[in-house]
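Take a look at the letters that make up each chain.
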Amino acid sequence: MPLIAGLAAALMAFPIRGQAAAAVQAEYLFSLRGKTKAETIVPVEVAFGRDGKELYALDSAGAVVLIYGKNGSRIRTLPFPEGLRNIRGLAVDPAGRIYLADFATRRVAVMSARGRRLPDLKLPEGPDRLPGKIVLDRTGNVYIADHSRLEVYVFDGKDGFVR
């Protein structure tokens, strides 16, 4: 089983209503350690790329998104967009856009697959917004959990707020 497919299977294992959870055997894929002893990587969140062949790791210590291939080799490193300080959410959509939820600036930044800054998603107005976890559905809708207001916001994947 390919490495990333194995991780996907392990991450997607969950109990079905009314059934006990099955034991899942974890498989070691690869290390997210730095390339040198001096490089410290603190992976806060991981997400699969659009084709499932790349694993994106959010490194809060280095303020970068690290992109790995199936064999664990680092493909590229994308720095956080300027001004972001406390990113806690990461997702990659079918078009390759990278979504980053920042607690400190209370916004969701968007980058292209190559790291070019795109317009932020416009969250509903309010000073107490804390965007966190980001997930996407099969149709490209973007769901963002607000940790402060205990709400979920839905965007249509074209930067349009749905609800």
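Computed from a predicted structure; not experimentally measured.

Draft legend 1. Looking closely at the sheet that holds strand β7 (residues 107-111). The four strands are arranged β5-β6-β7-β8 in an open sheet whose pairing can be described as antiparallel. Single-partner strands in this sheet number two, and they are β5 (87-92) and β8 (117-121). The sheet shows a mean angle of 25° between the axes of neighbouring strands, taken without regard to direction. Sheet topology places strand β6 (residues 98-102) next to β7; five bridges connect them, and they run antiparallel. When the bridges of β7 are listed, Tyr-99 appears paired with Val-110.

Draft legend 2. Broad picture of the sheet that holds strand β3 (residues 64-68). Ordered by their spatial adjacency, four strands build an open sheet running β1-β2-β3-β4, and the pairing between neighbours is antiparallel. At either end of the open sheet lies a strand with only one pairing partner, and these are β1 (43-48) and β4 (74-79). Going from strand to strand, the sheet's axes swing by 20° on average, the running direction of each strand aside. Relative to β4, β3 runs antiparallel, the two sharing five bridges. Residue pairing for β4: Val-64 is matched across the bridge by Pro-79.

Draft legend 3. Up close: the nonpolar core. Within the largest apolar cluster, 15 residues are counted, with the highest numbers of intra-cluster contacts made by Tyr-56, Leu-58, Val-65, Leu-90, Ile-98 and Leu-100. Secondary structure elements with two or more residues in this core: β2 (55-59), β3, β5, β6 and β7. If you tally residues by element for this core, the top one is β5, at three residues. Every residue in contact with Leu-100, bar those within four places of it in the chain, is listed here: Leu-58, Val-65, Pro-81, Leu-84, Ile-87, Gly-89, Leu-90, Arg-107, Val-108, Ala-109, Met-111 and Ile-134. Counting residues in each nonpolar core, the second largest holds 13 residues, with Val-108, Leu-121, Val-142 and Tyr-153 among its members.

Draft legend 4. Inspection of the pattern of salt bridges at higher detail. Evaluated as defined, the whole model comprises five salt bridges. Its salt-bridge partner being Arg-76, residue Glu-54 comes within 4.0 Å of it at the nearest N-O pair. Here Glu-54, found in the loop between β1 and β2, pairs with Arg-76, found in strand β4; they are 22 residues apart in sequence, far enough to count as distant. Among the salt bridges present, the one from Asp-93 reaches Arg-97, with a minimum N-O distance of 2.7 Å. Judged by its relative accessible area of 2%, Asp-93 falls in the buried class. Overlapping salt bridges, with partners in common, bring together Arg-107, Arg-117 and Asp-120 in one network.

Draft legend 5. Fine view of the side chain of Glu-45. Mapped onto the elements of the fold, Glu-45 is located in strand β1. Leaving out residues up to four positions away in the same chain, Glu-45 has contacts with Tyr-56, Ala-57, Leu-58, Arg-88, Gly-89, Leu-90 and Lys-133.

Draft legend 6. Representation of the pairing of β8. Bridge analysis of β7 against β8 gives three bridges, and the strand direction is antiparallel. Among the inter-strand pairings, Val-110 is bridged to a residue of β8, identified as Leu-118. Connecting the antiparallel pair β7 and β8 is a turn made up of five residues, with Gly-115 showing a positive phi of about 100°.

Draft legend 7. Representation of the environment of Leu-136 in the model. Here Leu-136 is to be found in strand β9 (residues 131-136). The exposure class of Leu-136 is partly exposed, given its relative accessible area of 25%.

Rules used throughout
Residues numbered from 1 in each chain as written. Predicted model: local features only at pLDDT ≥ 70, side-chain atom pairs only at ≥ 80, totals over all residues. Heavy atoms only, no water. Pairing = 2+ DSSP bridges. Helix = DSSP H or I, 4+ residues; strand = E, 2+ residues; numbered from the N terminus. Axes fitted to C-alpha atoms, helices over the stretch in contact; angles between N-to-C directions. Core = buried A, V, L, I, M, F, W, Y, C linked by side-chain atoms within 4.5 Å. Buried < 20%, exposed > 50% of the residue type's maximum accessible area, 1.4 Å probe, protein only. Contact = heavy atoms within 4.5 Å. Salt bridge = Lys/Arg side-chain N within 4 Å of Asp/Glu carboxyl O.

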